[in-house]
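Summary of the model geometry
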Amino acid sequence: MSQVHVIDHPMIQHKLTIMRNKETGSKDFRQLLEEISLLMGYEVTRDIPLEEVEIETPICKMTAKRVLGRKLAIVPILRAGMGMVEGLHTLVPVAKVGHIGLYRNEETHEPVVYFCKLPEDIQDRMVIVTDPMLATGGSSCDALSMLKERGCKNIRLMCLVAAPEGVARVQKEHPDVDIFVAAVDDHLNEDAYIVPGLGDAGDRIFGTK
Ligand code: PRP
Ligand code: URA
């Protein structure tokens, strides 16, 4: 069974509260999502591979550790997942970025794929899938399946807010994928929105409503 890591550091909770507030506009919403992504990135990359390098400090030679950033890929689920890429890229600037385009059909709530462009060597990389919202889990599960079809074995899912229903679905369909979230909310409403949630993340990031 995959693990659910709730990263509820006080600074993350504080920033998330501002994001949830309906009075918060797109500019601040985007900025806060980027900041939280960077902070969550510390935990998500906790076991990122390291290599040893020989360096010389002003005092002596030493064997030191260096991040194998070239072994990482960030894969946002479009559109809203894009809002989490910059923060992770600040941590690991050489990580490659793939894109998976999915939107939820408004009536059925089922995800529809419209785009997929991934690094050629994606199967050799540790992959961080980003999407602020884990609601029914349909979009995340489909994205994870697409990555596994391309041979990815080391995948983790980084979200901001999850519904218990979405967490349960990812755990059932992808028991090998750990989930990192800032909060697990109460439930889904009849429109499959997270309650209390923060509304439509894509629209709030891009100002489309
Ligand atoms: C939202 C969100 C997730 C998905 C979550 O995307 O960003 O991708 O819904 O819902 P699920 O867990 O029930 O699949 P949306 O389809 O609204 O597209 P957008 O990011 O382009 O706005
Ligand atoms: N997608 C969103 O953007 N928000 C929700 O609450 C559910 C799905």
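This text goes with the structure placed above it.
Residues numbered from 1 in each chain as written. Chains lettered and ligands numbered in written order. Predicted model: local features only at pLDDT ≥ 70, side-chain atom pairs only at ≥ 80, totals over all residues. Heavy atoms only, no water.

Turning our eyes to something else, we now look at the sheet that holds strand S11 (residues 161-162). Within a sheet, adjacent strands bond to each other through the backbone by hydrogen bonds, running parallel or antiparallel. Here we have 3 strands laid out as an open sheet, ordered S9-S11-S13, and parallel in their pairing. The outermost strands of the open sheet, each flanked by one partner alone, are strand S9 (133-134) and strand S13 (183-184). One ladder, built from 2 bridges, connects S9 with S11; its direction is parallel. When the bridges of S11 are listed, Met-133 appears paired with Val-161. (Pairing = 2+ DSSP bridges. Helix = DSSP H or I, 4+ residues; strand = E, 2+ residues; numbered from the N terminus.)

It is worth spelling out the site of ligand 1 at this point. Taken together, 15 residues lie around ligand 1, and Arg-104, Asp-131, Thr-136, Gly-137 and Ser-139 are the ones closest in. Gly-137 is positioned with one of its backbone polar atoms (N or O) 2.8 Å from an oxygen atom of ligand 1. Calculation on ligand 1 without its partners gives an accessible area of 500 Å², and the protein chains cover 91% of this total. Listing elements by their share of the shell around ligand 1, those giving two or more residues are strand S6 (99-104), S9 and helix H4 (138-149). Each residue belonging to the shell around ligand 1 can be placed in one class, and the counts come to 6 nonpolar, 5 polar and 4 charged. (Near = heavy atom within 4 Å. Polar contact = N/O pair within 3.5 Å; in protein donor to acceptor, adjacent residues only side chain to side chain. Areas by Shrake-Rupley, 256 points an atom, 1.4 Å probe, with all protein chains shown as cover. Nonpolar A, V, L, I, M, F, W, Y, C, P; charged D, E, K, R; others polar.)

Function-wise, these values are silent; they only describe arrangement.
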